[in-house]
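Spelled out from the first residue to the last, the chains are:
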Amino acid sequence: MAPIKVETYVVGSVQTNCYFAINEQTRETLIIDPGASAGRLAERLTEQQLKPEAILLTHGHFDHAGGAAELAAHFGIKVYAHERERETLDTPSLNLSGWGGGAESYHVDEFFSDEQEIDLAGFHIRVLHTPGHTEGGCCYYFPYQNILFSGDTLFHMSVGRTDFPKGSMSAIVRSIREKILPLPENTRVYPGHNDETTVGTERMYNPYL
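What you see as residue numbers is a count from 1 along each chain, following the sequence as written. Only residues with pLDDT of 70 or above have their local features reported here, since the model is predicted, and side-chain atom pairs are shown and tallied only from 80 upward, although totals for entire chains, interfaces and linings are computed over all residues. Computation of side-chain values covers all heavy atoms of the structure but excludes hydrogens and water.

Participant: What exactly am I supposed to notice about the sheet that holds strand β6 (residues 110–112) here?
Facilitator: Working definition: the strands of a sheet are paired by backbone hydrogen bonds and lie parallel or antiparallel to each other. DSSP calls a pair of strands paired once it identifies at least 2 bridges connecting them. Helix and strand labels come from DSSP, where a helix needs a run of H or I of at least four residues and a strand needs a run of E of at least two; each type is numbered from the N terminus. Pairing is mixed in the open sheet, where 6 strands are placed in the order β1-β2-β3-β4-β5-β6. Strands at the two margins of the open sheet, each flanked by one partner only, are β1 (4–11) and β6. Ignoring which end each strand starts from, the neighbouring axes of this sheet average 25° apart. Across 8 bridges, β1 lies against strand β2 (residues 16–23) in antiparallel orientation. What sits directly across from V10, in β2, is N17. Residues are treated as being in contact if the distance between any of their heavy atoms lies within 4.5 Å. All axes here are fitted lines through C-alpha atoms, helices being fitted over the stretch that makes contact, and every angle between N-to-C directions spans 0 to 180 degrees. Most of the contacts of helix α3 (residues 68–75) go to strand β4 (residues 51–56), to which it runs at about 150°, and overall it touches β3 (28–32), β4 and β5 (78–82).

Participant: Help me understand the environment of T130 in this model?
Facilitator: Along the chain, T130 falls in the loop between β8 (123–129) and β9 (138–142). Burial here depends on accessible area, computed with a 1.4 Å probe over protein chains only, as a share of the maximum for the residue type. Under 20% is buried, over 50% is exposed, and the range in between is partly exposed. What makes T130 buried here is its relative accessible area of 0%. The spatial distance from the C-alpha of T130 to the C-alpha of G151 is 9.7 Å, given a sequence separation of 21 residues.

Participant: Whenever I open this one, the packing of aromatic side chains confuses me. Can you help?
Facilitator: Aromatic ring pairs are described here by two measures, namely the spacing of the ring centres and the angle between the planes. Working definition: a ring pair exists when centres of Phe, Tyr or Trp rings (six-membered ring for Trp) sit within 6.5 Å. Plane angles under 30 degrees give stacked, over 60 give edge-to-face, the rest tilted. For the structure shown, the criterion picks out 8 aromatic pairs. An angle of 5° between the planes, with centres 5.1 Å apart, marks the rings of Y80 and F112 as stacked. Of the two residues, Y80 sits in strand β5 while F112 sits in strand β6, which places them 32 residues apart along the sequence. Aromatic ring contacts, followed pair by pair, group Y19, F123, F142, F149 and Y190 into a single cluster. Note on geometry: a ring has a charge over it if NZ (lysine) or CZ (arginine) is within 6 Å of the ring centre and within 35 degrees of the ring normal. For the cation-ring pair, R86 lies above F111, with the distance from its terminal atom to the ring centre recorded as 4.0 Å.

Structure, rendered in structure tokens:
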């Protein structure tokens, strides 16, 4: 089992958590949700002599996807997302890129399907489709490290906003109940904003659930 180190970088105008999932044996690194500050993130990766392997997007909103293309081009790596998120990534009114100052589409190289199991950077990962915040939002579960990157689906004592286009409160609650709460209670959850939590904490105390 590859030992993992998770580093958090808060980027952009809405304080998005970008994560580096670092394989401590090989220095291979996955970058989750580089929403902004691509240059600064590239510097951090280079300074630490990390080896970027891929960019994983939990969803297509500008504050999570905005820096992905520049970072991918800099290191010659691919960007991945869930297949149901194509429309959000492509459409400025859905990816909210107008908030950031200009209408943009976001490129993704490869798309995952629900419950697909992948191996990247020495980690085994399960892709969990968790619609509700967006139509193709997903979480990345690392079963051997007992870690979940939850994007804007599940937060500490809260859930993602559902008042954006194609959002649904009933869908996000169902996603969390069906896909996240069955995970082991000591699973560490790294959300798209604010502080980390655990599945057990949210199962017991989250007022939305």
